[in-house]
Amino acid sequence: MELTVGPIQYFWSEDNWADFYTRLADSPVDRVVVGELVCSKRLPFFQHRIPEALAALQAAGKQVAVTSLALVTLKRERKQTAELAEMGMEVEVNDLTALAYLPQGAAFSVGPLVNVYSAGTLEWLARRGATRISLPPELPIASVQALVRAARDNGVMIEVWGHGRLPLAISGRCYHARMHGRPKDNCLFACEDDPDGADVRTLDDTPFLAINGVQTLSDTHACAAYQLDLLQEAGVGALRLSPQSQGFDEVCAAYRGALDGAITDTALEARLRAASPAGTRLSDGFLTGETGVAWSRG
Amino acid sequence: MEIVCPAGTPAALRAAVKAGAHTVYCGFADETNARNFPGLNFDRDEMEESIALAHDYGAKVLIAINTYPRAGAEGIWHQAIADAERFGADAVILADIGLLDHAARHHPGLRRHLSVQAAAANADAINFYGREFGVKRVVLPRVLSVPEIAAINAETEVETEVFVFGGLCVMAEGRCSLSSYATGKSPNMNGVCSPASHVAYHETAGRLDAQLGGYTIHRVGAGEPAPYPTLCKGCFSAGDKTGHLFEDPVSLNAEALMPALQKAGVTALKIEGRQRSASYVSQVVRNFRMAVDALDQGRPMPEGMLARLSEGQAMTAGAYKKTWR
């Protein structure tokens, strides 16, 4: 199974952003999706570093793709989406608006924020040129299995969300700005202070969600450590790892080790916990549990 | 402008058409529609009879088949589309690309509307659905301001329908898994959000906690009315702030913006509330029909007619007046 690194979901400084991809070039992953997924206002801060990052990753033998925005409403955002299609790189479509700009017949991939729930949608996207589909994280294993069967007949590779905070919702409204009492257009980039999102707790002080600008994520880090065999048996082609600000090299190395059979699932979990901030909570409920937040070992 | 009214039951449909609804939308009693609540919606016989009744009153019926089919069980959704056509529905409201493609190929004569659950939020996306699947009307997501809606209408031939009254999604519709994360039940897959089956109220030491999936997201003093614990309208803490981090428990009322929406080129005004009673539907529809008739005839609109019908008391013009931008 391949390892894909998804786009950085958060707003990191330009230098941290570039360093992340320099290090990633040396890590045992197969594919890297680069670009801005969440907020169009962030892109100008690191856009000029993208070509260098892509070149370094390609030189290291990685497959690369550039992501579309997850929610396109403004003129500026439509323009950014059109420019993406003109880059000549493979585009990971995370809002169907991007499809409107991709030339007929151009190969593309589909990211986890496009609703691919059943074979009919998969087949239509394959006819339009999709070669790879990263499934929505909320799909249960039975759906993953059915979609892999449909994908096989259509020459599409299926990818599943493997590790990292889950992208649960996207909004027109910025929650970082709201939290700081600022309007969206004058947000002063409040999200910059939270490189892994701002933790959201319930009234019982239970960790629950994380705010990342217009995006809402899970508090837990999804972790497919105990589903790797199930996913491999199903014929899933790739596992997506979502960037976090600390310990991500080790996350990549640990998953690679487990997929190669070098370490056990429990050893993988231990290494992931050691690499993450103390108290990081894990979940794997969307794949095999009753609720998304559930953890099969909890 | 056309008013598009909710009907969760045959009684509500009857009330809506009698009150002057131009159009009613409803769904089958299963997971194919995004208001799959216990005791709501139409079985096959009820749907067939209700469509005939609406047509007798000169009203149209739109059938919402707007969840995302479960892989391997697409037949349930395909059957719903076939039945909608067989019963004479005036259009189906779809969100899923696979279903749109299926309907366009197998039921080309059945008019297709794009559900808000597809969250098509710009003219490029809307024209894409128009071009690829022959979509004639789009229900716009509730993230757009009136000038943005006007700009969209200037760039598309697809008709636009906008929500003007009732419940309000805070997140881009059809792209939210908050409910399934906490309860296992999702709008996209099961047609439910923050389901009542996962709600619990606990009264202790003079306070009442409202929980969803075991998470306490509202707290009031004992005896005070406790709002329903919908996830995105819950009370949370982040940093040193505690409050409604996503949205206050408000409902949408864009009544005052109807003239602006008409100028913006909107074809239809949609009222949320398939979970509402027949008498509520009747009152809301009657008021909205009076308002659009006044607008169409260039008379002043009756003012403040709907305030007392709103969920709780707090109302908002939502994104249409984008104070948060």
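Residues numbered from 1 in each chain as written. Chains lettered and ligands numbered in written order. Predicted model: local features only at pLDDT ≥ 70, side-chain atom pairs only at ≥ 80, totals over all residues. Heavy atoms only, no water.

(A) The arrangement of helix H1 (residues 14-24) of chain A in detail. Along H1 of chain A, the residues classified as buried are Trp 17, Ala 18, Phe 20, Tyr 21 and Leu 24 of chain A. All buried residues of H1 of chain A project into a common sector of 150° when viewed along the axis, lining one side. (Buried < 20%, exposed > 50% of the residue type's maximum accessible area, 1.4 Å probe, protein only. Helix = DSSP H or I, 4+ residues; strand = E, 2+ residues; numbered from the N terminus. Arc of directions from axis to C-beta.)

(B) Main features of the pattern of salt bridges. Applying the stated rule across the entire model yields 41 salt bridges over all chains. Note that Asp 15 of chain A is salt-bridged to Arg 49 of chain A, the shortest N-O span being 3.2 Å. Highlighted residues: Asp 15 of chain A in helix H1 and Arg 49 of chain A in the loop between strand S2 (31-34) and helix H2 (50-59), separated in sequence by 34 residues. Between Arg 137 of chain B and Glu 161 of chain B there is a salt bridge, and its shortest N-O distance comes to 2.8 Å. With a gap of 24 residues between them, Arg 137 of chain B in strand S6 (residues 137-139) and Glu 161 of chain B in strand S7 (residues 159-166) connect regions that are remote in the sequence. The two residues Arg 137 of chain B and Glu 161 of chain B agree in class, both being buried. Residues participating in the shared-partner salt-bridge network are Glu 2, Arg 111, Arg 137, Glu 159, Glu 161 and Lys 270 of chain B. (Salt bridge = Lys/Arg side-chain N within 4 Å of Asp/Glu carboxyl O.)

(C) Quick look at the environment of Cys 174 of chain A. All names here are of chain A. Its place among the elements puts Cys 174 in the loop between strand S7 (157-171) and helix H7 (175-179). C-alpha separation for the pair Cys 174 and Ala 130, spaced 44 residues apart in sequence, amounts to 31 Å. Not counting residues up to four positions away in its chain, the partners in contact with Cys 174 are Lys 184, Gly 213 and Val 214. (Contact = heavy atoms within 4.5 Å.)

(D) The arrangement of the domain arrangement of chain B in detail. Residues and elements named next belong to chain B. If you check the domain split of chain B, you get domain 1 (2-168 + 250-320) and domain 2 (178-243). The distance between the C-alpha centroids of domain 1 and domain 2 comes to 27 Å. In this complex, domain 1 contributes eleven residues to the contact, which on the side of domain 2 involves seven residues. Note on domain 1 versus domain 2: buried area summed over both sides is about 660 Å², and carbon and sulfur give 42% of it. Contact with domain 2 buries area across many residues of domain 1, yet Asn 36, Tyr 68 and Leu 168 alone supply 42% of it, more than any other trio. At the boundary of domain 1 and domain 2, one finds zero salt bridges. (Domains from an automatic or database assignment. Buried area = accessible area lost by both parts, 1.4 Å probe.)

(E) Spatial organisation of the interface of chain A and chain B. Across the contact, 66 residues belong to chain A and 64 residues belong to chain B. In terms of surface lost to chain B, no three residues of chain A exceed Trp 124, Leu 203 and Phe 208 of chain A, which account for 14% of the buried area on that side. One can count seven salt bridges joining chain A with chain B. Arg 173 of chain A is paired through a salt bridge with Glu 247 of chain B; the nearest N and O atoms lie 3.1 Å apart. One can count 35 residue pairs in polar contact (both at pLDDT 80 or more) joining chain A with chain B. Per-element accounting of the side of chain A that touches chain B gives the leading share, seven residues, to helix H5 (residues 119-128) of chain A. In terms of residue class, the side of chain A that touches chain B is made up of 32 nonpolar, 19 polar and 15 charged. With two bridges connecting them, S7 of chain A and strand S8 (residues 171-176) of chain B associate as antiparallel partners. Looking across to S8 of chain B, one finds that Ser 171 of chain A is bridged to Met 171 of chain B. (Polar contact = N/O pair within 3.5 Å; in protein donor to acceptor, adjacent residues only side chain to side chain. Nonpolar A, V, L, I, M, F, W, Y, C, P; charged D, E, K, R; others polar. Pairing = 2+ DSSP bridges.)

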